[in-house]
Amino acid sequence: MSEDREALKYSKDIINQLAVIIRTAQIHDIGNVAVVSAIDKFVTSINSLLREYNILTFELLGEFFYFNETRVRYAMEYLLNFDFLAREFKRRDLGSITFSGRIKGEDVKVFLRAFISSPYAQTPYEALLEGTSTIDSISVGPLKKIVEEGDFDIRRVVKKTYFNAVSFTKGVITKIKSGEKVSIKKAKRVVESMVDMILQEEELLLGMTAIKDYDEYTYHHSVNVSILSVALGQRIGLNRRALTELGLVALFHDIGKMEVPPEILNKPTNFNDDEWRIIQKHPFWGVRAILKLKGLDNTSIRTAIVTFEHHLNYDLSGYPKITRSLNLDFYSRIVSLADQYDAMTSSRVYSRIPMSPDKALSVMMERAGTQLDPLLFKFFINMIGVYPIGTLVLLDTKELGLVYGANPVFQDRPRVLIIIDSEGKRVSGPIVDLTEKGEDGKYLRTIIKTMDPNKYRINLAEYLL
Amino acid sequence: MTKDIRQIDDVRITRDIVQTILKAKKTIRMYPENNPIYLKTIEDVYSRFREFLDYRDELTLRIKQYEILLDTTPVYSNPDKEDNLALFFFKDGLRELTFLKGLYREEIEEFLKIIALDFDREIVDDDVVTLLWERDFQNIKYVADEEFLTEDEGYEDKASETVKTRSATVDEIMKAYTDAFLAEGVNGISIVNLTDKDLQSLVKEMEGDQEGKIEKLSDILFEMIYHIENQAELEDIYRFIRNTMTYSLEQGNMDAFIHIAKSLIRMSEDKGISEGIKKLIHILLSSISSEEMINYVGEIFDTNPEIDEGILLEYKELLDKTAISPLIALLGRLKSIHGRKRVISLLVDLGKMDIQTLAKGLYDSRWYVVRNILYILRQIGDKKAVEYLIDTVRHPDSRVRREAIKAIGELKSPHSLQILKDCLNDYDPSIRKTAVKALSNFGSETAKRIILAKVNEKDFLNREFDEKKEFYEALSKWDDDEIREFLIRVLKKRAFLKRSKHDENKACAAYCLGFIGNRDNLAVLERLRDSKNNLIREYANFAIRKIEYERR
């Protein structure tokens with residue numbers, strides 16, 4: 001249909017092929033038949049695209065690749081290769097590769113030699129630049145740091161999106177309770193905004209979910225679960241439409257709780273057996289509420305299913321008790337992960353004892369395979385990082401900070417908001433990237449200890465709100 | 001071109017664009033996509049956009065409640081609430097629409113399809129913004145105001161303030177800092193790397209998750225039955241299961257419907273279920289045979305030429321005799337042959353349970369329904385049906401009468417002979433022929449006498465040759481002396497008046513002898529070979545060849 005769309009399709013393949021060549025060349029000698037054959041394929045693809053465009057630039061910005069300034073979206077099967085290539089770019093501080101004119105197999109070989117040897121140099125990017133200086137058709141550019149100008153505006157938009165969603169959820173519950181009609185169109189719009197934010201500003205929105213000290217736990221929890229589910233859905237390659245459906249489903253997963261008397265829901269002490277029995281009825285009431293809300297369609301069916309199943313464990317233990325075995329819905333398993341994580345790290349849940357994010361993650365790791373889907377959990381931990389957003393960390397620089405954003409490539413090297421500097425002074429920022437290296441090639445900062453932020457009532461509110 | 005002139009031109013083209021969009025919004029919902037008017041409408045809008053975007057990088061329309069602006073110049077204005085393009089966009093929060101250079105024809109077509117939707121109808125669950133969002137156009141961008149989504153405007157400030165007041169004091173933060181040095185280290189953290197196998201497993205899981213959601217919901221509703229605590233809950237679940245049944249049929253999903261029905265049967269046999277619940281389950285099971293459900297099934301039958309035979313058999317098993325009347329009503333409405341065949345097949349089975357109800361279909365005002373019922377009765381083969389057929393042999397439509405006679409002939413009840421005898425006097429020769437054939441199939445002496453009597457009637461001679469031939473062929477069923485003598489008599493008959501008619505009778509008699517096939521008749525037939533009448537010769541030769549052939 002359009003040349004641009006075709007080009008984007010090919011650019012995805014080219015990035016994938018580039019990853020394959022590098023992977024192969026890291027194992028075999030560059031003259032090896034496997035490498036040569038991969039190079040030939042690559043050269044054919046790239047020259048064919050060069051006939052349409054004089055210049056092809058593949059650039060890494062943040063976690064995403066851009067082809068001639070347009071973001072390259074990719075399907076699941078490319079995920080590993082894209083992640084690998086992003087990691088390899090970052091190892092070398094490499095930001096972009098530009099192809100022009102006509103590429104020859106020899107040019108690619110020169111580039112590969114320089115690329116493979118560069119990480120061992122003291123300044124990898126400079127080594128790569130020098131190693132490729134003899135080729136005219138391939139040039140490289142340095143990794144650009146994400147500019148943080150305008151951060152305040154973005155934070156304001158993210159904050160607005162988050163609180164819109166919470167107040168909408170609250171409104172929906174109030175309306176349902178009073179028998180008023182609820183607008184599904186509005187609900188979709190709310191979730192679409194969240195999906196957009198996840199696609200553009202994932203870490204800020206995830207950061208919002210890490211703040212737990214609100215009064216209206218139920219509504220915030222619903223929105224948090226929706227955000228975490230959509231983020232995981234994004235990670236596993238669901239399209240925008242599916243992400244909206246997942247977000248909606250997750251937003252309403254606890255709708256049955258509106259039937260639980262508030263004195264039980266807000267009880268400050270542990271539940272007795274009767275109260276537990278009532279709490280455990282909320283998935284049942286949830287299905288009822290959903291199916292009364294509107295007629296049957298794909299979304300209402302999916303929502304009812306997830307509402308019923310979100311407390312059923314991977315091994316079908318949990319509640320409600322079922323008489324016949326059933327395959328848990330894919331969305332149920334996603335929502336269940338998000339629900340458990342948010343519930344465990346919140347202070348107004350049945351257990352009453354909030355966990356620190358990293359502790360919650362380690363508990364979940366023990367549950368993977370029995371209570372939680374082990375495969376999805378792998379993707380979840382990959383998304384959220386070994387140190388989830390909101391984790392209080394001490395760095396080897398004697399700085400104290402809160403984890404602010406995960407790094408999907410280096411899971412143990414997130415972005416951290418510094419709240420006490422190395423001299424022990426209270427500060428508000430900066431946000432530092434733990435993948436940053438000094439001139440000696442060593443990481444500038446590394447996490448050495450984690451703390452429970454709830455114990456000290458420390459959270460990201462100050463920066464995000 | 002000076003700047004001012006260019007601006008004037010931009011406004012003019014934009015006005016044109018808005019007008020063509022407005023026109024297209026109405027036009028394209030009226031025509032199928034291959035219609036020339038539809039295609040021209042799309043082309044018109046597209047060419048107007050091209051006219052603008054050939055010289056500009058983008059066209060941004062600002063949307064107000066009753067106006068659409070290009071920068072600050074109105075290009076559309078309408079104070080009415082009906083048919084107002086500005087208001088149509090504005091009410092869903094759309095505030096700006098931008099069309100970029102490089103806009104594809106397909107994008108324009110998709111865009112027009114979105115705005116042409118009838119949003120007042122309940123089935124459209126999305127607003128314009130959601131649909132634009134879902135399409136994610138490369139060259140159509142928009143700005144939407146999300147303000148109207150906020151239910152409580154002050155909520156953000158209140159919630160933020162609450163959290164901030166609860167946040168840690170400087171002392172608490174400093175305490176955390178001190179404690180941090182005493183905390184345990186983070187050695188041995190687990191980094192989870194994703195593998196190709198993980199990805200493959202995930203893709204497989206996602207693919208496997210697409211189907212069977214209605215079945216899944218129904219499974220959940222059945223599980224919920226075990227958790228029911230009061231009448232209100234029971235009534236809700238009952239209604240949900242019923243809705244799920246009708247929804248599955250609305251979606252054309254017979255598999256899901258059968259799945260639900262089977263679950264109902266299983267539940268009805270579950271000893272752990274109370275009688276009160278079982279009563280409702282039985283009502284649901286009975287509803288499978290209701291007019292409402294059968295009408296949905298009819299829609300599936302009509303529109304889907306390929307339905308698995310196994311599914312049809314399972315569906316048949318679920319129906320009871322109360323389904324007969326709605327199925328008969330459905331027969332009259334179905335448009336496709338495959339649809340009618342399926343209903344007929346169902347009625348052949350169900351009709352056995354209640355011939356009387358099935359026979360009511362014989363009074364349907366549509367001749368084809370009556371004929372279908374007659375066919376069904378023939379297939380059922382129950383003699384009791386004959387009493388209901390008496391009226392149908394007098395049906396005004398001969399196609400019905402013909403089918404009725406066939407049925408009566410096959411059912412062979414004691415009343416059949418009299419009915420068939422009467423039919424030999426029908427004004428339509430094709431009916432008389434069918435009746436004589438039916439009598440012949442009876443093979444009884446009485447049947448023979450009825451035919452013989454008719455053939456011997458004086459005015460039989462004047463009937464058309466084809467009909468007479470049918471009557472004589474009918475007589476060939478009886479290879480006895482009486483028939484042979486009758487035929488010989490006909491062959492030997494000398495006539496001076498109406499000679500050609502008598503010759504036709506002789507040809508028919510020869511034809512009949514051929515069908516009787518008895519070699520003893522060959523001598524008589526051989527003599528006819530020399531007949532001067534062509535017809536007699538032809539039929540005598542035919543009869544001889546037939547006898548000779550059968551002898552071999």
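Residues numbered from 1 in each chain as written. Chains lettered and ligands numbered in written order. Predicted model: local features only at pLDDT ≥ 70, side-chain atom pairs only at ≥ 80, totals over all residues.

**Digging into the overall build of chain A**
Looking only at helices and strands, chain A has 17 helices and 10 strands in total. Here the C-alpha atoms of chain A give a radius of gyration of 25 Å, agreeing with the 23 Å that 2.2 N^0.38 yields for 465 residues. Dimensions of chain A, computed from the C-alpha atoms along their principal axes, are close to 75 × 60 × 40 Å. Residues counted as buried form 47% of the 465 residues belonging to chain A. When contacts within chain A are restricted to residue pairs at least 6 apart in sequence, those whose partners lie at least 24 apart make up 66%. (Helix = DSSP H or I, 4+ residues; strand = E, 2+ residues; numbered from the N terminus. Rg over C-alpha atoms; globule rule 2.2 N^0.38 Å. Buried ≥ 20, exposed ≤ 12 C-beta atoms within 10 Å, placed from the backbone. Contact = placed C-beta atoms within 7 Å.)

**What about the overall build of chain B?**
Helices and strands together make up the secondary structure of chain B, namely 28 helices and five strands. Taken against the 2.2 N^0.38 rule, which gives 24 Å for 552 residues, the C-alpha radius of gyration of chain B at 41 Å runs more than 25% over that of a compact globule. With the principal axes as the frame, chain B shows a C-alpha extent of 130 × 80 × 50 Å. A burial count over chain B gives 34% of its 552 residues as buried. Residue pairs at least 24 apart in sequence account for 67% of intrachain contacts in chain B once pairs closer than 6 positions are excluded.

**A few points about the sheet that holds strand 5 (residues 138-142) of chain A**
Here five strands make up an open sheet; going across it, the order is 3-2-1-4-5 (chain A) and the pairing antiparallel. Since the sheet does not close on itself, it has two edges, and those belong to strand 3 (70-71) and strand 5 of chain A, each with one partner. (Pairing = 2+ DSSP bridges.)

**Description of the environment of Gln-371 of chain A**
Residues and elements named next belong to chain A. Summarising the element assignment, Gln-371 is placed in the loop between helix 15 (357-367) and helix 16 (374-384). Look at Gln-371 and you get partly exposed, because 19 C-beta atoms sit within 10 Å. In this structure the C-alpha to C-alpha distance between Gln-371 and Gly-131, which are 240 residues apart in sequence, comes to 52 Å. Beyond its immediate stretch of four places on either side in the chain, Gln-371 contacts Asn-313, Tyr-314 and Asp-315.

**As for the interface of chain A and chain B**
Each partner contributes residues to the interface: chain A has 76 residues there, and chain B has 67 residues. The dominant element in the side of chain A that touches chain B, judged by the number of residues it contributes, is helix 6 (residues 151-177) of chain A, at nine residues. Here the residues of the side of chain A that touches chain B are counted per class, giving 40 nonpolar, 12 polar and 24 charged. (Nonpolar A, V, L, I, M, F, W, Y, C, P; charged D, E, K, R; others polar.)

**Brief notes about the sheet that holds strand 5 (residues 140-144) of chain B**
Residues and elements named next belong to chain B. Read from one edge to the other, the open sheet built from five strands follows the order 3-2-1-4-5, with strand pairing classed as antiparallel. Either end of the sheet is taken by a strand with one partner, and the two such strands are strand 3 (73-77) and strand 5. Ignoring which end each strand starts from, the neighbouring axes of this sheet average 25° apart. Alignment of strand 4 (residues 94-100) against strand 5, held across five bridges, turns out to be antiparallel. Pairing of Thr-98 across the sheet is with Lys-141, part of strand 5. (Axes fitted to C-alpha atoms, helices over the stretch in contact; angles between N-to-C directions.)

**Some words on helix 15 (residues 324-333) of chain B**
Where helix 15 of chain B is concerned, the buried positions are Ile-324, Pro-326, Leu-327, Ile-328, Leu-330 and Leu-331 of chain B. On its buried side, helix 15 of chain B packs onto helix 13 (291-303), helix 16 (337-351), helix 17 (355-359) and helix 18 (367-380) of chain B.

**Some points on the nonpolar core**
Core analysis: the biggest nonpolar cluster contains 204 residues, and Met-194, Leu-205 and Leu-232 of chain A together with Leu-327, Ile-408, Leu-439 and Ala-510 of chain B have the highest contact counts within it. The element contributing the most residues to this core is helix 7 (residues 184-209) of chain A, with 11 residues. Leu-439 of chain B has contacts with Leu-420, Ala-447, Ile-450, Ile-451 and Ala-474 of chain B, leaving out every residue within four places of it along the chain. Judged by nonpolar contacts, the second largest core, of 32 residues, contains Ala-19, Ile-39, Leu-56 and Val-108 of chain A. (Core = buried A, V, L, I, M, F, W, Y, C linked by C-beta atoms within 7 Å.)

**Notes on unusual backbone geometry**
Look at the link from Tyr-319 of chain A to Pro-320 of chain A: it is a cis peptide, with omega at -5°. Relative to the elements of secondary structure, Pro-320 of chain A occurs in the loop between helix 13 (298-309) and helix 14 (330-344). With a phi close to 55°, Arg-457 of chain A is a non-glycine residue in the positive phi region. Backbone geometry at Asp-71 of chain B places phi at a positive 55°, although glycine is not the residue there. With respect to the helices, strands and loops of the structure, Asp-71 of chain B is situated in the loop between strand 2 (67-70) and strand 3. Using a count of 12 C-beta atoms within 10 Å as the deciding quantity, one classes Asp-71 of chain B as exposed.

**A short note on helix 2 (residues 36-53) of chain B**
Residues and elements named next belong to chain B. The first and last C-alpha atoms of helix 2 sit 25 Å apart over 18 residues, in line with the 26 Å expected at 1.5 Å per residue. When we look at burial in helix 2, the residues that qualify are Thr-41, Ile-42, Val-45, Tyr-46, Arg-48, Phe-49 and Phe-52. On an axial view of helix 2, the arc spanned by its buried residues comes to 155°, and they lie on one face. (Expected span 1.5 Å × (residues − 1). Arc of directions from axis to C-beta.)

**Let's talk about the environment of Gly-385 of chain A**
All names here are of chain A. Take Gly-385: it is sitting in the loop between helix 16 and strand 6 (392-395). Along the backbone, Gly-385 and Phe-410 are 25 residues apart, and their C-alpha atoms lie at a distance of 8.3 Å. Residues in contact with Gly-385, not counting those within four places in the same chain, are Ala-406, Asn-407, Gln-411 and Pro-414.

**A short note on the confidence of the model for chain B**
With 96% of its residues at a pLDDT of 70 or more, chain B shows a mean pLDDT of 89. Our summary of model confidence lists the complex with pTM equal to 0.79 and ipTM equal to 0.80. (pLDDT = per-residue confidence, 0-100.)

**Some remarks on the pairing of strand 2 of chain B**
Residues and elements named next belong to chain B. Judged by which residues are buried, strand 2 turns out to be one-sided: Ile-68 and Leu-70 face inward and are buried, whereas Glu-67 and Leu-69, on the alternate face, are not. Strand direction decides the pairing type here: strand 1 (residues 58-63) and strand 2, joined by three bridges, are antiparallel. Pairing of Leu-61 across the sheet is with Leu-70, part of strand 2. Joining the antiparallel neighbours strand 1 and strand 2 is a turn of three residues. Alignment of strand 2 against strand 3, held across four bridges, turns out to be antiparallel. Looking at strand 3, one finds that Leu-70 is bridged to Thr-73. Here strand 2 hands over to strand 3 after two residues, with Asp-71 in that stretch at a positive phi of 55°.

**A closer look at the packing of helix 14 of chain A against helix 16 of chain A**
All names here are of chain A. The contact between helix 14 and helix 16 brings their axes to 10 Å, and the two run at 50°. In terms of orientation, helix 14 and helix 16 fall into the oblique class. The way helix 14 lies across helix 16 gives a crossing that is right-handed. Of helix 16, the residues touching helix 14 (which contributes Arg-333, Ile-334 and Leu-337) are Leu-376, Phe-377 and Phe-380. Here the residues of the contact of helix 14 with helix 16 are counted per class, giving five nonpolar, no polar and one charged. (Parallel < 35°, antiparallel > 145°, perpendicular 65-115°, else oblique. Left-handed = near helix turned anticlockwise from the far one by under 90°.)

**A closer look at the environment of Val-163 of chain B**
Within the secondary structure, Val-163 of chain B is located in helix 6 (residues 155-166). The class for Val-163 of chain B is buried, based on 20 C-beta atoms found within 10 Å. In this structure Val-163 of chain B touches Ile-211, Asp-213, Tyr-214, Ala-461 and Leu-465 of chain A, once residues within four positions along its chain are discounted.

**So, the packing of helix 9 (residues 240-251) of chain A against helix 14 of chain A**
All names here are of chain A. Running from amino to carboxyl end, helix 9 crosses helix 14 at an angle of 55°, the nearest separation of the two axes being 10 Å. When the axis of helix 9 is compared with that of helix 14, the two are oblique. Every pair of crossing elements has a handedness; the one defined by helix 9 and helix 14 is right-handed. Of the residues in helix 14, those in contact with Leu-246, Val-249 and Ala-250 of helix 9 are Tyr-331, Ile-334, Val-335 and Ala-338. Grouping the constituent residues of the contact of helix 9 with helix 14 by class yields seven nonpolar, no polar and no charged.

**A few points about the pairing of strand 8 (residues 415-420) of chain A**
All names here are of chain A. Across the six residues that make up strand 8, a large majority, six, are buried. Here strand 7 (residues 400-405) pairs with strand 8 via five bridges, running antiparallel. Bridged to Leu-400 within strand 8 is Ile-420. Of the strand pairs in this sheet, strand 8 and strand 9 (residues 431-433) are connected by three bridges, and their pairing is antiparallel. Bridged to Leu-417 within strand 9 is Ile-431.

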